[in-house]
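So the chains spell out like this:
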2 protein chains.
Amino acid sequence: MGHSKAQKTRTHKRIVSIASKRFREKGLAGFGIAELMKEAGLTVGGFYKHFDSRDDLVTEAVSSAFGGWKRRVDAAKTGEPSVSLAQLIDDYLSEAHRDHPGTGCAFSALAPEIARCDKSTRAVTSEQVRNDIQLIAGLLLGKDKRTARSKAILTFSALVGAMALARAVSDQALSREILNAVAELLKDSGLEHQ
Amino acid sequence: MGHSKAQKTRTHKRIVSIASKRFREKGLAGFGIAELMKEAGLTVGGFYKHFDSRDDLVTEAVSSAFGGWKRRVDAAKTGEPSVSLAQLIDDYLSEAHRDHPGTGCAFSALAPEIARCDKSTRAVTSEQVRNDIQLIAGLLLGKDKRTARSKAILTFSALVGAMALARAVSDQALSREILNAVAELLKDSGLEHQ
DNA sequence: ATTATCTATAGATCTATAGATAATGC
DNA sequence: ATTATCTATAGATCTATAGATAATGC
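Residues numbered from 1 in each chain as written. Chains lettered and ligands numbered in written order. Predicted model: local features only at pLDDT ≥ 70, side-chain atom pairs only at ≥ 80, totals over all residues. Heavy atoms only, no water.

1. Digging into the overall build of chain A
For chain A, the helix and strand inventory stands at nine helices and zero strands. Taking all 194 residues of chain A together, the buried fraction comes to 50%. In chain A, the share of contacts with a sequence separation of at least 24, taken over all contacts with a separation of at least 6, comes to 66%. (Helix = DSSP H or I, 4+ residues; strand = E, 2+ residues; numbered from the N terminus. Buried < 20%, exposed > 50% of the residue type's maximum accessible area, 1.4 Å probe, protein only. Contact = heavy atoms within 4.5 Å.)

2. What to know about the packing of aromatic side chains
Here a ring pair, both rings aromatic, is described through the centre-centre distance and the interplanar angle of the planes. All names here are of chain A. This structure, assessed with the given rule, holds ten aromatic pairs over all chains. An angle of 75 degrees between the planes, with centres 4.9 Å apart, marks the rings of Phe 47 and Tyr 48 as edge-to-face. Classification of Phe 47 by relative accessible area gives buried; the value is 0%. (Phe/Tyr/Trp six-rings, centres within 6.5 Å; stacked < 30°, edge-to-face > 60°.)

3. What about the packing of helix α6 (residues 106–114) of chain A against helix α6 (residues 106–114) of chain B?
Between α6(A) and α6(B), whose axes approach to 7 Å, the crossing angle comes to 125 degrees. With respect to each other, α6(A) and α6(B) are oriented oblique. Considering how the two elements wind past one another, α6(A) and α6(B) form a crossing that is left-handed. On α6(B), the residues touching A:Ser108, A:Ala109, A:Leu110, A:Pro112 and A:Glu113 of α6(A) are B:Ser108, B:Ala109, B:Leu110, B:Pro112 and B:Glu113. Grouping the amino acids of the contact of α6(A) with α6(B) by side-chain chemistry returns six nonpolar, two polar and two charged. (Axes fitted to C-alpha atoms, helices over the stretch in contact; angles between N-to-C directions. Parallel < 35°, antiparallel > 145°, perpendicular 65-115°, else oblique. Left-handed = near helix turned anticlockwise from the far one by under 90°. Nonpolar A, V, L, I, M, F, W, Y, C, P; charged D, E, K, R; others polar.)

4. With respect to the environment of B:Thr125
Positionally, B:Thr125 belongs in helix α7 (residues 119–139). As a C-alpha pair, B:Thr125 and B:Ala111 span 14 residues in sequence and 9.0 Å in three-dimensional space. Excluding residues within four positions of it along the chain, B:Thr125 makes contact with A:Ala168, B:Val62, B:Phe66, B:Phe107 and B:Ile114.

5. Topic: the pattern of salt bridges
Taken as a whole and judged by the stated rule, the model has 24 salt bridges over all chains. Residue A:Arg22 is joined to A:Glu25 by a salt bridge in which the shortest nitrogen-to-oxygen separation is 2.6 Å. Residue A:Arg22 and its partner A:Glu25 are both found in helix α1 (residues 5–26); the two are separated by three residues, about one turn of the helix. On the basis of relative accessible area, A:Glu25 is assigned to the partly exposed category, the value being 28%. Put simply, A:Arg116 and B:Glu113 hold a salt bridge, and the shortest N to O gap is 3.1 Å. Placement of A:Arg116 in the loop between α6 and α7 (119–139) and of B:Glu113 in helix α6 is noted, with the two residues assigned to different chains. Overlapping salt bridges, with partners in common, bring together A:Glu95, A:Arg98, A:Asp99 and A:Arg176 in one network. (Salt bridge = Lys/Arg side-chain N within 4 Å of Asp/Glu carboxyl O.)

6. Here we look at the relation of the copies chain B and chain A
Superposition of the two copies of the chain requires a rotation about an axis together with a shift along that axis. With an axial shift of 0.0 Å and an RMSD of 0.0 Å, the rotation relating chain B to chain A amounts to 180 degrees. Such a combination of rotation and displacement between the chain copies is what one expects of a two-fold axis. (Least-squares fit on C-alpha atoms with pLDDT ≥ 70 in both.)

7. A word on the environment of A:Leu28
Relative to the helices and strands, A:Leu28 is located in the loop between α1 and α2 (33–39). When the C-alpha atoms of A:Leu28 and A:Ala181 are compared, they prove to be 30 Å apart, with 153 residues separating the residues in sequence.

8. Brief notes about the domain arrangement of chain A
All names here are of chain A. Domain boundaries assigned for chain A yield domain 1 (5–63) and domain 2 (66–188). Computed over C-alpha atoms only, the centres of domain 1 and domain 2 are separated by 25 Å. Listed by partner, the interface residues are twelve residues for domain 1 and 17 residues for domain 2. Summed over both sides, the interface between domain 1 and domain 2 buries roughly 1100 Å², with carbon and sulfur atoms accounting for 64% of that surface. Seen at the junction of domain 1 and domain 2, the total is seven residue pairs in polar contact (both at pLDDT 80 or more). Every element with two or more residues in the side of domain 1 that touches domain 2 is listed here: α1 and α3 (54–79). With five residues, α3 is the largest single contributor of residues to the side of domain 1 that touches domain 2. Residue composition of the side of domain 1 that touches domain 2, by class: five nonpolar, three polar and four charged. (Domains from an automatic or database assignment. Buried area = accessible area lost by both parts, 1.4 Å probe. Polar contact = N/O pair within 3.5 Å; in protein donor to acceptor, adjacent residues only side chain to side chain.)

9. Concerning the nonpolar core
Counting residues in each nonpolar core, the largest one holds 121 residues, and the members touching the most others are A:Phe23, A:Leu93, A:Val129, B:Phe23, B:Leu93 and B:Val129. Sequence-distant contacts of A:Leu93, that is, excluding residues within four places in its chain, are made with A:Leu159, A:Ala162, A:Met163, A:Leu179, A:Val182 and A:Ala183. (Core = buried A, V, L, I, M, F, W, Y, C linked by side-chain atoms within 4.5 Å.)

10. Looking at the interface of chain B and chain A
Counting residues at the interface gives 49 residues for chain B and 49 residues for chain A. For the chain B and chain A pair, buried surface summed over both sides reaches about 3700 Å², with 67% attributable to carbon and sulfur atoms. One salt bridge in this structure joins A:Arg149 and B:Glu177, with 2.6 Å as the shortest N-O distance. Put simply, chain B and chain A have 20 residue pairs in polar contact (both at pLDDT 80 or more) between them. The set of elements that each furnish at least two residues to the side of chain B that touches chain A consists of α1 (5–26), α6, α7, α8 (145–168) and α9 (172–191) of chain B. With 15 residues, α8(B) is the single largest residue contributor to the side of chain B that touches chain A. Of the residues in the side of chain B that touches chain A, the class split is 28 nonpolar, eight polar and 13 charged.

Structure below.
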């Protein structure tokens, strides 16, 4: 009990990190505060010294989930001068990503639920959608800016939709077919203009 | 009270119809059985003579939601020999569809939540994904079957992803940009091979 | 003195069931 | 006699708060 300010900051980050993962796995209504705090090694009473409300946690955790995907792309980038669009597409539409939503893209795991959230969560989401569009547009070489931006939006939409569908179906062959078909066509359409 | 078998069938359909709409609007955890039954003009106690469990209702209501979209396409079809892909794309990516999820496509409103449902709901979903892919493939004229199928999967994924993103962002200009960019590119790519 | 966390609980849900009531349908 | 619906409620949640405890930090 008690504990320092530095400790509180670490605790806060731990709570957000766990929530961010579990929200992507179980949905925004998938667990309660008591369960979350228990996983963080704490009890329910401490929660409201960290967050004004459960919605406040949702905003922070969704924001943190977006950061996770960005870090993954950034990390890949540091290895080489620039990550290729093909690499990003193959990584996104992998079975590993499909089977581990907790560490994956927050859009394919949560977009419709975010659409029902309060303004602050949706504002954070707008900002991240803009970032991701620019990130992908930057990987579409040899196009004028307008074309690259439109194509980036299509690519991003197809990635998010394909992953959501691949996870929703129970037929594993169909799930793989969706991932592969979209990956191949997006990579082709990216190359055809380079 | 009491009531006939025919009356019960109508009541059952009314419950499923309301649930189907509200699930798309509020999510699969967005309301309780008491609230649902009240909107149907009934009380909570009668629910379990219609459904074994809440999950049972989810399966039926999700299935019914898929039917709604299909009927809309079928209705458009009866007007002319065949609906064009461009019409379907414009209809799907309209602001009207974005702003009325309750009567719209169940995938863009619920796919990630369906991914967390039981097998029966996901089996119904698999079947509907197959139907929608074939529907779109049939509208992609002048292609060999394999190509049409792949392109249909990409188109379907992009529609679902674009709508989910357009609803999730709070920035209305960005939301419109997503709908318009994806619609234009999908229509272009559909035509370019005809 | 302040505060990060704990225990305990209020008050509002939610799913599911039990038993009563009033209609259908043999 | 059967059954579709109702009222009432058990039992299990869930969010949020109150007050106690034990540490930090002036």
